[in-house]
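The lines below spell out each chain.
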Amino acid sequence: MILNFYRWFCGYLTVLLSGRKAGRFLNLCTKRGILIWEVLPQAEDQYQFCMYKKDFRKVRPLCKKTGTRLRIKKRWGLPFFLHRYRGRVLFPAAFAAAAGWILFCSNFIWKIEIIGNSNLSEETLIRYLEEKNAGFGTSKDKIDMEALELSLRQDFPQVIWASSYIEGTKLVVEIQENLKTEDASYVETGSDPSSCKDITAQKDAVIASILTRNGVPLVKAGDTVEAGQILVSGRQEILDDSGSVKEYFYQSADADITGYVTYPYEDRIPAAATENTETGRQHSVYFLELFGKRLETPKLFNDFLSFYCMEDYHQLRLGDNFYLPVFWGERNYIEQTQTEITYDETAAKKLAAEHFYQFLEDLEENGVSIIGKNVMIEKIGDFYQVSGTIEACEPIGERTPTEIRENPVQEEEEGNAGNEHE
Amino acid sequence: MKNRKHVNHEKIVSALELPKDLLLGMPYLTMNGNRELLIENHRGILTYTGRQMVILTKTHQIEISGSELYVEYYTADLMKIRGNIDGIAFRS
């Protein structure tokens, strides 16, 4: 492969040698250090072979010496190609310009890929990268990868790991999100009491179950609690023989607490609504975008009375990761008609049920168990009012810092020690 | 008149375990099946057709017979022959 490219780059010839002493000619060539290859016998005393362009002049004296005749059959390689097209200046100029443009573009980021995001949307992260000067069209040299990774972890608390790297002209940002909330995880207290945590109620509820692993439970199943009330305390009182508090011992509370919670539910279904229906007619315009400048084919049609647009675009790339700032695609104008529809009670109930079950699904996705529901629908004026309550059972504990109290016994001891000195 | 003894170079080279191709100019032949033949230390081509080739070396003439024979490349001391090689014979 490399040898073939070298031959093509230097230029070589396929020649036909004829003469009575053709064999001697070949031997003389090798003695003079002239490389020949692909030697094929054609007829008696006639051979075809290949040689470098630069060697062709050197063999003329050998032809004279051996009485042979050398005829060029074909020319191969870059020197002949350039010679053939020497009059066409624009072609190599355009070729060089294209190569230069690609080389220039290779210094910038033309594609951003986000991997591993769950709750953080791609738009949010791309906007964030643009704010950090690592967006579309930024010079590769100006992006400090380590600083970007650090700022991603600092500015988004849910990001527990971030990695960014460049492949071709593509910036790849890989992140891992902590899908558990910080409050849900148990925190070791260690030697510092200020890091100790209580478990408090997130909302008003009736305790369904409580399983304490660490800390002092202050409620039991069946108790009614209010939002913010301490359920399990991280502060334990150590009593002396007289029953008074000797000192406090701090250890973060850890418990599984579920409670019965009531969710109010309200929805409004208008009795009349506008429905969009596609007519099936559509017009398209095609576009080409280069460095943010867009060229569009002219709109040779009248706009529809009511329509919406859909855009489908592609980005030019060389290989898998070498993206360039060239986009092309088509924009479709899709006609639609708007019709006024009126819901009767059955249709309104059906729509209300759809909304309601979607609401329940969202709750269940967040770990809430539905244990009862009571919803009514009634027509009020020109809309249907849906209202009611949902009984649910869910984890209600959240971690809050424990109040630190001074140890009363230590003060007394210090007082006694002072008296003894006196 | 001095009585010169004939010195057998081959015996000396063998005894010293030296490469014969370098010191005696013997041809060095490498074959890949019957499709490729690489000859080192040749002295040129004597006869060359598609069915027969005679290669000169310092010690012998090597006759290669076969079909569709051709020289892939050819330098001062290296020659690669391709084709269907049926036989190789050495002539003094």
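Cut-off values and rules
Residues numbered from 1 in each chain as written. Chains lettered and ligands numbered in written order. Predicted model: local features only at pLDDT ≥ 70, side-chain atom pairs only at ≥ 80, totals over all residues. Heavy atoms only, no water. Patch = residues over 30% accessible without salt bridge, like charges linked within 9 Å, V, L, I, M, F, W, Y side chains within 5 Å. Areas by Shrake-Rupley, 256 points an atom, 1.4 Å probe, with all protein chains shown as cover. Salt bridge = Lys/Arg side-chain N within 4 Å of Asp/Glu carboxyl O. Helix = DSSP H or I, 4+ residues; strand = E, 2+ residues; numbered from the N terminus. Buried < 20%, exposed > 50% of the residue type's maximum accessible area, 1.4 Å probe, protein only. Contact = heavy atoms within 4.5 Å. Buried area = accessible area lost by both parts, 1.4 Å probe. Polar contact = N/O pair within 3.5 Å; in protein donor to acceptor, adjacent residues only side chain to side chain. Nonpolar A, V, L, I, M, F, W, Y, C, P; charged D, E, K, R; others polar. Core = buried A, V, L, I, M, F, W, Y, C linked by side-chain atoms within 4.5 Å.

All names here are of chain A. A cluster of nonpolar side chains, namely Phe 5, Trp 8 and Phe 9, defines an oily patch on the protein surface of about 340 Å² accessible area. On the secondary structure map, Phe 5 appears in helix H1 (residues 2–10). We classify Phe 5 as exposed; its relative accessible area is 51%.

A few words now on the interface of chain B and chain A. Contacts between the two partners involve 14 residues from chain B, matched on the other side by 14 residues from chain A. With both chains or domains summed, chain B and chain A bury close to 1,100 Å², and 58% of this area falls on carbon and sulfur atoms. Area buried by chain B at its contact with chain A is led by Tyr 48, Tyr 70 and Tyr 74 of chain B, which between them contribute 49% of it. At the boundary of chain B with chain A, the tally comes to zero salt bridges. Here chain B is connected to chain A by eight residue pairs in polar contact (both at pLDDT 80 or more). Taken together, the elements giving at least two residues each to the side of chain B that touches chain A come down to strand S3 (42–48) and strand S5 (61–74) of chain B. If one sorts the elements of the side of chain B that touches chain A by residue count, S5 of chain B sits on top with six residues. In the side of chain B that touches chain A, the residues fall into eight nonpolar, four polar and two charged.

This part takes up the pattern of salt bridges. In this structure the tally under the stated criterion is 21 salt bridges over all chains. Here Glu 311 of chain A and Arg 294 of chain A are joined by a salt bridge, their closest N and O atoms 3.2 Å apart. Here Arg 294 of chain A lies in strand S17 (residues 293–296) and Glu 311 of chain A lies in strand S18 (residues 307–318), a separation of 17 residues in the sequence. The salt bridge partner of Arg 82 of chain B is Glu 72 of chain B, with a shortest N-O separation of 2.0 Å. With Arg 82 of chain B in strand S6 (residues 78–91) and Glu 72 of chain B in strand S5, this residue pair connects regions lying ten residues apart in the sequence. Counted as one network, the salt bridges with shared partners bring together Glu 289, Arg 294, Glu 296, Glu 311 and Arg 331 of chain A.

Before going further, it helps to spend a moment on the nonpolar core. With 35 residues, the main nonpolar core has Phe 25, Leu 26, Phe 49 and Leu 70 of chain A together with Ile 64 of chain B as its most contacted residues. Per-element tally for this core: the top contributor is S5 of chain B, with six residues. Setting aside its immediate chain neighbours within four residues, Leu 70 of chain A contacts Val 15, Leu 16, Leu 17, Phe 25, Phe 49, Met 51, Phe 56, Val 59 and Cys 63 of chain A. Counting 28 residues, the second largest nonpolar core, distinct from the first, contains Ala 255, Ala 348, Leu 363 and Ala 392 of chain A.

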